[in-house]
Structures are given as C-alpha cells and as structure tokens.
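Coordinates in review
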Amino acid sequence: MNTINQFNQELVESILADQVHNNLHTIQDFLRWTYSIFNRSDIYYGHGYDNAWDESLQLVLNGLQLPIDFPEQFYNSKLTQSEKDLLIQLVIARIEQRLPIAYLTNSAWFCGLEFYVDERVIVPRSPISALIMDKFQDLIQQEPARILDLCTGSGCIAIACAEQFPQAEVDAVDLSFDALNVAEINIERHNLTHRAFPIQSDLFKNLPGDQYDLIVTNPPYVDKEDLNDMPEEFHHEPEMALGSGIDGLTITKEILVNAADYLTDDGVLICEVGNSMVHLIEQFPDVPFQWLELKNGGLGVFALHKTDLLKYRKYFCS
C-alpha cells in the first residue's frame with residue numbers, strides 16, 4: 001500500500017476527530033460532506049469522473065446500494081448507524097489509500113451500462129465509448145456479424161458492442177485469467193453468455209483462424225515516462241494493463257502486424273493509443289492512420305482498414 005501523505009493524513013485525522021456520524025444524518029448531509037472533504041483533499045479524478053461532485057454521488061449512492069438516478073426528493077432520508085459508518089469508511093479509504101471510487105464500490109459505468117470492477121482490471125474509461133454509442137458510424141459499411149474485443153479487461157467494450165449490435169457475436173480476449181473472470185461476471189450480469197465469449201489468449205496467438213468484421217482494442221499503451229508520472233490512483237490498477245514498453249507501443253505494434261489476418265475484406269481495426277499517438281505518428285509517418293474525433297473529447301483513437309494494414313505491414317514489422 002502506498003504511504004499516505006501528510007496533507008491527507010491530517011484530513012483523515014480531522015474526520016475521525018469530528019465524530020461526523022453524530023452530526024450527519026441524511027443522504028443529503030453525506031453528499032454535501034463528502035463533496036466538501038473531496039474538495040479539501042488532493043485526490044485525483046481520472047477514473048470515469050472528473051470532479052468531486054460526481055465522485056461524491058457515486059460513492060454515497062452506490063455505497064448505500066442505491067441507483068445513480070435515485071430520486072432527489074428522497075435525499076432527506078435518514079441513514080442508519082451502520083450506513084453512516086460504511087460511508088465514512090469509504091471516504092477515508094478514498095483519501096487515505098487513493099483508491100479509485102470504482103474499486104471501493106465495485107461499480108463503474110461505460111456506454112450507459114453498469115459494470116462490476118475490482119483491482120484485477122483497469123477501470124472502464126475508454127473514449128471508444130463514443131464510437132460504440134454511434135455504432136461506429138462512417139467507419140463500417142454494415143452491421144458487423146462478428147466483433148473482436150482485444151485486451152478486454154472488464155469486458156466493457158465487448159458487452160457495449162454486443163448491446164449496440166444485437167445480432168453480433170463478440171469474442172472478448174485477454175491474456176489475464178483474472179481479468180477474464182471479471183469479464184465473465186459482467187457477461188453474465190448483462191445476460192450475454194449466448195453472444196459474448198471470454199477467451200484467454202496473448203493477443204491473437206490462441207485464436208482460431210477466424211475473421212471479424214470489426215476489431216476493437218484498448219491495449220496497454222502508457223509509455224515508461226508517463227507510467228512513472230501517473231497519479232497514485234492509477235498504481236492500484238494492474239500494471240500489465242497500462243504499460244507497454246518505453247514508447248507505449250510494444251503491444252500496439254504486434255496488433256498492427258497481425259490484425260489484417262483476422263479481418264474480413266471490409267474489416268476495420270479501431271485502436272486506442274492515448275498519448276502514445278505522438279510516438280506512433282513519429283515512427284510511422286507514411287501510414288494513413290485515421291485519427292478519430294470523439295464526441296466525449298477523448299483523443300488517441302485511430303481506425304485502419306484491412307487494405308491499409310496489409311499495405312503497410314512491412315513498416316510495422318521493421
């Protein structure tokens with residue numbers, strides 16, 4: 001566990017000294033108090049929420065096993081002593097351990113769907129969600145019959161794609177058995193065991209020679225420098241799901257070399273590389289990566305059709 005810094009230590013001590021459970025009584029009280037505490041702390045927002053209020057809502061409501069759209073007219077409902085104690089413990093853990101909210105509540109949202117998450121997988125937050133919600137408009141010629149989600153993690157991309165394309169079968173592939181166990185939980189929760197299939201494989205190595213109309217992947221892509229500089233919250237996530245060599249492109253390059261063999265003639269690869277897009281452009285200046293504008297403001301996601309993957313494969317192999 002990472003050592004708590006002095007600033008957050010003093011904040012936690014003040015929470016314990018204030019005996020807040022004697023002064024806070026309702027959902028509204030805890031929402032206001034949590035919001036205030038988070039604003040006073042130096043926690044980092046980057047796991048699905050970008051501000052203290054959204055994190056407060058998620059922690060308090062989910063901690064009470066209430067839906068995120070719980071009616072505001074019931075916010076004045078009084079809490080039991082055990083409910084108060086639980087919320088205080090969650091707030092302290094968020095500050096003291098710098099744990100992402102999703103790990104504290106075992107809940108994260110992606111494409112309007114709720115997913116179970118724990119520290120076996122990274123927290124869903126890919127900007128690819130905007131493309132999924134638009135059904136990859138202008139990127140595919142027709143609804144895909146088969147989709148591959150490579151480096152599936154929690155299974156969020158695979159499941160969201162299956163929801164958007166109800167006739168499609170989706171293979172959810174990951175190297176990690178731990179991640180696949182989480183993906184399986186989510187596949188079952190969303191009643192997709194008949195169309196979404198978790199597969200253990202080191203990228204394409206254990207896959208049969210099948211072809212997909214669409215390959216979507218959010219592989220590890222953080223370069224060594226960025227990995228070392230990431231806020232403490234990210235270091236609770238599995239490192240194998242984040243880092244990918246000095247330039248962040250070790251896994252992406254392997255995908256680029258092999259993806260064409262697993263795509264249909266009109267197939268498309270959608271890949272996220274985040275900040276490592278700088279390295280990709282620098283190393284392959286002649287490759288016509290289609291960098292996508294995303295409605296949710298994300299960046300570093302490209303599309304390549306099978307024809308281009310074949311045409312430029314020699315560059316990726318060098």
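The shown structure was predicted, so the numbers you read here are calculated from the model rather than taken from an experiment.

A separate point is helix 3 (residues 52–63). With 12 residues, helix 3 should cover 16 Å at 1.5 Å per step; its first-to-last C-alpha distance of 16 Å lies within 8% of that length. Of all 12 residues making up helix 3, 10 are buried, and the element is well covered by its neighbours. On its buried face, helix 3 sits against helix 2 (27–40), helix 4 (81–96), helix 5 (101–105), strand 1 (108–110) and strand 2 (113–115). Structurally, the start of helix 3 carries an N-cap: the backbone nitrogen of W53 is 3.1 Å from a side-chain oxygen of N51.

Often the size quoted for an interface is simply the accessible area lost on bringing the parts together. Partitioning the chain into structural domains gives domain 1 (9–105) and domain 2 (127–317). A separation of 34 Å is found between the C-alpha centroids of domain 1 and domain 2. Counting residues at the interface gives 10 residues for domain 1 and 7 residues for domain 2. Carbon and sulfur atoms supply 58% of the area buried between domain 1 and domain 2, which totals about 750 Å² over both sides.

Spatial strand order, 5-4-3-6-7-9-8: 7 strands in an open sheet with mixed pairing. At either margin of the open sheet sits one strand with a lone partner, and together these are strand 5 (196–200) and strand 8 (290–291). In this sheet, strand 4 (residues 169–174) lies alongside strand 3 (residues 146–150) in parallel orientation, the contact comprising 5 bridges. Bridge pairing in strand 4 places R146 opposite E169.

Basis of the calculations
- Residues numbered from 1 in each chain as written.
- Predicted model: local features only at pLDDT ≥ 70, side-chain atom pairs only at ≥ 80, totals over all residues.
- Heavy atoms only, no water.
- Helix = DSSP H or I, 4+ residues; strand = E, 2+ residues; numbered from the N terminus.
- Expected span 1.5 Å × (residues − 1).
- Buried < 20%, exposed > 50% of the residue type's maximum accessible area, 1.4 Å probe, protein only.
- Contact = heavy atoms within 4.5 Å.
- Polar contact = N/O pair within 3.5 Å; in protein donor to acceptor, adjacent residues only side chain to side chain.
- Domains from an automatic or database assignment.
- Buried area = accessible area lost by both parts, 1.4 Å probe.
- Pairing = 2+ DSSP bridges.

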